[in-house]
Every structure is written in C-alpha cells, then in structure tokens.
Amino acid sequence: MFTGIVEELGEIVRTTETGGDSALVAVRGPLVTSDARHGDSIAVNGVCLTVVDVDGGTFTADVMGETLRRTALGALRPGDPVNLERAAALNSRLGGHLVQGHVDGVGELLSREPAAQWETVRFRLPAGLSRYVVEKGSITVDGISLTVAEVGDDWFSVGLIPTTLKLTTLGAKGVGDPVNLEVDVLAKYVERLLGERAAGGAR
C-alpha cells in the first residue's frame, strides 16, 4: 500500500527483455533504495513493483507482460524520469490517500493552463473509469495523489502546485503523453456493495 506522496524523482537505467513479453527493469533511486531489500515494494509511476535486486542506488524489478500492456511502463526508455515511492509504513502519516499501486487504466494529458502560482492540467479518462472520479475526490496520476478539480464524461482536471511541478514527472509531461491512473479504491468497494444490495433487493 502507498500514499501517492512521491519520495524521489528517479530514472530508468535499462530495460532488458527476459523472454516472452516480460522484462527486467532497472531504476535509479538513491533514496528509495537506501533501505530496500529483495521482496520490498516500490511504486514506479504508480505501478507497484517488487524489488529483485539492489546495487548501489539502483534497484531491479521484474515486469510482466500484463503490466507492460496495461500501464504506461512499456513506453519508458533509459533516461526517462519516474516517480518513486516506497510502501507506506504503519507508523507513518497518510499524507495523500490509500493507493494500491494497481493501475486501472492509461490516460492521456490533454492540456496545460499555466497560472501565476499553479497550473491546471486536464487528462483523458479511459472508458469506464469516469464513474469512480468525483469533484474534490482523490485520483492517482503516475503515482501522485491528486485532488480532482473538475470532471467530465471522459476527462478530469487537477491543479498542480509548484512543488508537484518541480518534484514529479508531471512538470515535464507534454500534451499527448500517457499517464497511469488509479481511481480511489473506496469508490470501487462502494459500487460493489451497493450493487450487491440492489441485487438482493431485486430477488
């Protein structure tokens, strides 16, 4: 489990195909590897990956074909920056919201509107996700916990403060770039429970 508060802006070092459609990804991140061990979880652009090995300030992780197909990780190349976060500790503050590191879909950056102290950024929502996104609710974009400013049938917008623009990948993303999206898991649980209640009432 994560919080969506990015700890470090890391970098893809290399991606090595390991047979079939899987890959071994090496990521440089001195902070997140400072106490990392084999089997630990680290979120890379919002995707929960399991540490296979640590060498200095770089860790490697296996990425299955399913993950490459259903997230934007497959588009990353050596030198690309990535948002990194270690799994949350039970005694730490929950600064963002509950993030699983399980990407629900890949969105697309549609527009950027700079202002004096912040920037409004709009993203396209994949089909089927808009019902989980509400104004003032939480959403994870490339592993960053953000508050939804506005939402439409197939888009949503967020306001980015200077810190987010400077310390995460969103500061350099351009129109058309893909982003990993994870909706608030609480919304999915509520939908499931209400659906079961409605089905029970119908019977």
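Just so it is clear, the model here is predicted, and its values are computed rather than measured.

Basis of the calculations
Residues numbered from 1 in each chain as written. Predicted model: local features only at pLDDT ≥ 70, side-chain atom pairs only at ≥ 80, totals over all residues. Heavy atoms only, no water. Pairing = 2+ DSSP bridges. Helix = DSSP H or I, 4+ residues; strand = E, 2+ residues; numbered from the N terminus. Phe/Tyr/Trp six-rings, centres within 6.5 Å; stacked < 30°, edge-to-face > 60°. Buried < 20%, exposed > 50% of the residue type's maximum accessible area, 1.4 Å probe, protein only. Polar contact = N/O pair within 3.5 Å; in protein donor to acceptor, adjacent residues only side chain to side chain. Contact = heavy atoms within 4.5 Å.

## Quick notes on the pairing of strand β7 (residues 105-114)
Link 1 in the chain: Relative to strand β12 (residues 178-183), β7 is paired through four bridges, and the arrangement is antiparallel. Across the sheet, residue V106 finds its bridge partner in β12, namely N180.
Link 2 in the chain: Both β7 and strand β8 (residues 119-124) contribute to a ladder of six bridges, which runs antiparallel. For S111, the partnering residue across the bridge sits in β8 and is R122.
Link 3 in the chain: Count of turn residues in the β7/β8 antiparallel hairpin: four residues.

## Remarks on the packing of aromatic side chains
Link 1 in the chain: Applying the stated criterion across every chain yields a total of one aromatic pair.
Link 2 in the chain: Summarising the aromatic geometry, the rings of F123 and F156 are spaced 5.4 Å apart at their centres and angled 25° between planes, so their arrangement reads as stacked. A residue pair is termed long-range when its members are at least 10 positions apart, and F123 in strand β8 and F156 in strand β11 (residues 155-160) qualify at 33 residues. The two residues F123 and F156 agree in class, both being buried.

## Details of the side chain of N83
Link 1 in the chain: Secondary-structure assignment places N83 in strand β6 (residues 81-86).
Link 2 in the chain: Of the polar contacts made by the side chain of N83, one reaches the side chain of T169; its length is 2.9 Å.
Link 3 in the chain: Discounting chain neighbours no more than four positions away, the residues touching N83 are V6, E8, L9, A43, V44, N45, D142, I144, T168 and T169.

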